[in-house]
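Notes for the structure review
Residues per chain, in single letters:
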Amino acid sequence: MDKGVTLAKLHTSGPMLVLPNAWDAGSARIFVEAGFPALATTSAGIAFSLGYADGEVISRAEMLAAVARITARVTVPVTADMEAGFGRTAEAVAETARGVLAAGAVGMNLEDSIEGRLLDLELAVDRVRAARQAARDAGVPLVINARTDAFHPGTLLPDRQFAEAVRRGNAYREAGADCVFVPFVGDSATIERIVKAIDAPVNILGAPDAPTLQALEAMGVRRVTFGSAPMRATLGLVRRMAREWKEKGTYGTLAAYGIPFKELQQLFG
């Protein structure tokens, strides 16, 4: 309960909420050590770490088990990326919301597209409403971050993306969402318009082509997450090490980026 209340307040007061996306308990502990007051998970990062592709190839049970391993090893609130809810129906989403709470998380992401197609708005709204009701029944203020994929490349014609994102974002807020996530937007002008048009805290994806965190906060963005990018950057480092060993037979990557064993023992002890 306390973590849920804390996470909700972080979306509405104080500085913009910057949520690193963890994929396992180790990455979560490192993000907490850096001073972040809450964490998100990354569904793609968790899937990749277990050898799966993204897109709900991993089962709901496996995803929730990964979330539970993270929440068990940190004291800050955690919000779980649960993709499109592991099922099309409102009841499937409610079951996922109950699972998120059972795994120790106090927030969840919920996408409004399946297999690259936006869900009918009425169904998408019912799914948000079902997650909210599941949280009410459990007596925990679950922070619902409703994601709209209106800007996802190939989903809609460009001249329809903004209006549809706003329409869906406001509908999800009315259905009980605490925050609206609009990924795949990187230009400042569009972000500013979105923040003004959606009557809810807005989550933007932090990426190399996005404005800086300072600029996003100045625009009124309330939450920034990074998706699978931190995990993919880590895998890039693993690939770099592997290629260095195979092609050069040297250890430069290990020397440059490795955290000393003693430090990790202290961190995880």
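As a starting point, this report considers the structure included with it. No experiment lies behind these values; they were computed from the predicted model shown. (Residues numbered from 1 in each chain as written. Predicted model: local features only at pLDDT ≥ 70, side-chain atom pairs only at ≥ 80, totals over all residues. Heavy atoms only, no water.)

**Observations concerning the overall build of the protein chain**
Counting its regular elements, the protein chain contains 12 helices and 11 strands. Relative to the compact-globule value of 18 Å for 269 residues, the protein chain shows a C-alpha radius of gyration of 19 Å, a close match. The dimensions of the protein chain, computed from C-alpha atoms along their principal axes, are 55 × 40 × 35 Å. Per-residue burial for the protein chain yields a buried fraction of 48% across its 269 residues. Once local pairs closer than 6 in sequence are excluded, the contacts in the protein chain between residues at least 24 apart make up 66%. Working note: accessible area of the protein chain is about 12,900 Å², and carbon and sulfur atoms make up 55% of it. Charge separation in the protein chain, taken as the distance between the mean sites of 29 positive and 30 negative side-chain charges, equals 3 Å. (Helix = DSSP H or I, 4+ residues; strand = E, 2+ residues; numbered from the N terminus. Rg over C-alpha atoms; globule rule 2.2 N^0.38 Å. Buried < 20%, exposed > 50% of the residue type's maximum accessible area, 1.4 Å probe, protein only. Contact = heavy atoms within 4.5 Å. Areas by Shrake-Rupley, 256 points an atom, 1.4 Å probe, with all protein chains shown as cover. Lys, Arg positive; Asp, Glu negative; His and termini not counted. Charge placed at Lys NZ, Arg CZ, Asp CG, Glu CD.)

**Considerations on the packing of aromatic side chains**
Under the counting rule described, the total for this entry stands at 0 aromatic pairs. The aromatic ring of Phe162 is capped on one face by Arg193, whose charged end is 3.8 Å from the ring centroid. (Phe/Tyr/Trp six-rings, centres within 6.5 Å; stacked < 30°, edge-to-face > 60°. Lys NZ or Arg CZ within 6 Å of the ring centre and 35° of its normal.)

**Brief notes about the layout of surface pockets**
Within this model, the largest pocket holds a volume of roughly 820 Å³. For the largest pocket, the lining is made up of 44 residues, of which Asp54, Glu111, Arg147, Asp149 and Phe184 are closest to its centre. Roughly 490 Å³ of internal volume is contained in the second largest pocket. What lines the second largest pocket is a set of 18 residues, and nearest its centre among them are Trp23, Ile30, Thr234, Leu237 and Ile259. Listing elements by their share of the lining of the second largest pocket, those giving two or more residues are α2 (25-33), α10 (229-247), α11 (252-257) and α12 (261-268). Tallied by class, residues from the lining of the second largest pocket come to 13 nonpolar, 5 polar and no charged. (1 Å grid on protein atoms, 1.4 Å probe; cavity = no way out; pocket = protein on both sides within 12 Å on 5 of 7 lines; lining within 4 Å. Points joined across faces, edges and corners; volume = space filled by probe spheres on them. Nonpolar A, V, L, I, M, F, W, Y, C, P; charged D, E, K, R; others polar.)

**Concerning the pattern of salt bridges**
With the rule as written, the count across this model stands at 9 salt bridges. Linking Arg98 and Glu95 is a salt bridge whose minimum nitrogen-to-oxygen distance equals 3.0 Å. Of the two residues, Arg98 and Glu95 are both situated in helix α5 (residues 90-102); the distance of 3 residues between them amounts to about one turn of the helix. Classification of Arg98 as partly exposed rests on a relative accessible area of 34%. When its relative accessible area of 37% is taken as the criterion, Glu95 is described as partly exposed. Its salt-bridge partner being Arg132, residue Asp178 comes within 2.6 Å of it at the nearest N-O pair. Separated by 46 residues along the polypeptide, Asp178 in the loop between α7 (158-175) and β9 (179-181) and Arg132 in helix α6 (residues 121-138) bring together distant segments of the chain. (Salt bridge = Lys/Arg side-chain N within 4 Å of Asp/Glu carboxyl O.)

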